[in-house]
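Remarks on the overall topology
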Amino acid sequence: MAYPLSATKLITYKQCPQAYSFKYERGLSSPSAFGSPKFGNALHGALADIYKDWNYDYPLPSLDWFAVCWQKHTGELTPAQLHEGWMALQLYYEKYVAPLTMIRKPLGVEAKLKASFQVNNIEFSLSGRYDRLDFTDDGLELIDYKTSKTISPSDGIDLQLGLYYLVLEQTYQKALQKLSLIYLRQGQKITYDVTQEHHQQVRELIGDMALKLRADQDWKPEVGGHCDRCGYQRYCSAKSEKPEPLPEGTREGRQVQLSLGI
Ligand code: SF4
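Residues numbered from 1 in each chain as written. Predicted model: local features only at pLDDT ≥ 70, side-chain atom pairs only at ≥ 80, totals over all residues. Heavy atoms only, no water.

**Brief notes about unusual backbone geometry**
A positive phi is found at glutamate 110, a non-glycine position, where the angle reads about 40 degrees. Along the chain, glutamate 110 falls in strand β2 (residues 108-119). The backbone phi angle of glutamine 173 is positive, close to 50 degrees, even though this residue is not glycine. With respect to the secondary-structure elements, glutamine 173 resides in the loop between α6 (157-172) and β5 (176-183). (Helix = DSSP H or I, 4+ residues; strand = E, 2+ residues; numbered from the N terminus.)

Structure representation (C-alpha cells):
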C-alpha cells in the first residue's frame, strides 16, 4: 500500500523528524492549538458557492449574489462573527470582483487532489486540498483563503508549492505557476511563484523520508522555535532531562511495503 503524504505531514517532517514519527508513525495525539473553525468554515463555504453556483452566462455577480451565498452558511455564527464575515466578503468583492469585466469559471473549487510518486522503491500517495484552482493566461494558480486575524508568513509555504506542483502536474499535465493566499479579513493577496527549487526540495525531502522508512532509522529530534508549539516535549530527550516513556499501547512504527521498479 502506498505511504500517504500531505503538505502538513511534510512540513512537520522538515521541522522535526521525531515529532513527525510521534504523530504519524506512532499515532500519539497532541493538543491542538486551533480555535473554533465555524467562522472560517462559513467564509470558505460562501466563497465556494459564489464560484461554484454562479451562472457563467452572466459576466459578473453582484454583491447581492454574495449575500445570498453567505446567508446559507451563517446558521452557527455569533452576531459578531456574522458582522465580521460579511465585512470580509464585501471587501473581497470590492477588491477582487468589482474591478473585473467578467469572472472566469475556476478549474476547481474546494476539491481534493491525489497523485502517486515513487522514490527509493517506496510508493507515496500525495494528497492535498485546495480552495480554488484558476486557469489563468500564465498557467495554473491555486487560491487559498485565509481567515486569520493577522497576516503572518505561512508555515512551510515552499513545501506546499512543491507538493502541489507535483500533484497538479500529474492530475492536469499542466504546471502550477502560482499560489496565492487571500487574507479575507484584511483584503490582501500574497502571491508566490513556483520555481524549479520548490519541487526539487519536495522530491529530496520525500527521498530522505523514504530512506528512514526503509531502514527504520532513528527519527531524530530537531530543536527550534517550533518546539514551543510541540505537544510532545515531555517525551522528547532534546527538551526534557528525564523524558517520559511513551504511553502504554503506543503503536510501533508502521511497516512500509517496497514496490519493485520494473
Ligand atoms: S520538542 Fe522539539 S525537538 Fe522535541 S519532538 Fe517536539 S519539535 Fe521535536
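**Structural notes on the pattern of salt bridges**
In total, this model carries twelve salt bridges according to the counting rule given. For lysine 146, the salt bridge identified is with aspartate 144, shortest N-O distance 3.4 Å. Overall, lysine 146 belongs to the partly exposed group, its relative accessible area being 22%. Across the pair glutamate 244 and arginine 234 runs a salt bridge, and its minimum N-O distance is 3.9 Å. Of this pair, glutamate 244 sits in the segment after α7 (196-215) while arginine 234 sits in the segment after α7; the two residues are ten residues apart in sequence, bridging distant segments of the chain. On the accessibility criterion, arginine 234 (46% relative accessible area) is partly exposed. Salt bridges linked by common partners bring Asp49, Asp53 and Lys72 together as one network. (Salt bridge = Lys/Arg side-chain N within 4 Å of Asp/Glu carboxyl O. Buried < 20%, exposed > 50% of the residue type's maximum accessible area, 1.4 Å probe, protein only.)

**Some remarks on the site of the ligand**
Taken together, Cys16, Gln18, Pro221, Glu222, His226, Cys227, Cys230, Gln233, Cys236 and Lys239 make up all the residues around the ligand. In terms of residue class, the shell around the ligand is built from five nonpolar, three polar and two charged. (Near = heavy atom within 4 Å. Nonpolar A, V, L, I, M, F, W, Y, C, P; charged D, E, K, R; others polar.)

**As for the packing of helix α1 (residues 7-15) against α7**
Describing two packed helices takes the angle between their axes plus the distance from one axis to the other. At a closest axis distance of 11 Å, the pairing of α1 and α7 adopts a crossing angle of 70 degrees. When the axis of α1 is compared with that of α7, the two are roughly perpendicular. From α1, Leu10, Tyr13 and Lys14 reach across to α7, where they touch Gln201, Val202, Leu205, Ile206, Asp208, Met209 and Lys212. Of the residues belonging to the contact of α1 with α7, the class tally is six nonpolar, one polar and three charged. (Axes fitted to C-alpha atoms, helices over the stretch in contact; angles between N-to-C directions. Parallel < 35°, antiparallel > 145°, perpendicular 65-115°, else oblique. Contact = heavy atoms within 4.5 Å.)

**Some words on the domain arrangement of the chain**
Each assigned domain of the chain is listed here: domain 1 (3-31 + 106-207) and domain 2 (38-97). Using only C-alpha atoms to locate each centre, domain 1 and domain 2 end up separated by 25 Å. On the side of domain 2, 16 residues touch domain 1, which itself brings 14 residues to the contact. In total, about 1300 Å² of surface goes out of reach between domain 1 and domain 2, with carbon and sulfur atoms giving 67% of it. Among the residues of domain 1 in contact with domain 2, Tyr145, Leu184 and Arg185 are the three that bury the most area, contributing 38% of the side total. Inspection of the region where domain 1 meets domain 2 yields one salt bridge. Arginine 185 is paired through a salt bridge with glutamate 84; the nearest N and O atoms lie 2.2 Å apart. Applying the counting rule to domain 1 against domain 2 returns eight residue pairs in polar contact (both at pLDDT 80 or more). (Domains from an automatic or database assignment. Buried area = accessible area lost by both parts, 1.4 Å probe. Polar contact = N/O pair within 3.5 Å; in protein donor to acceptor, adjacent residues only side chain to side chain.)

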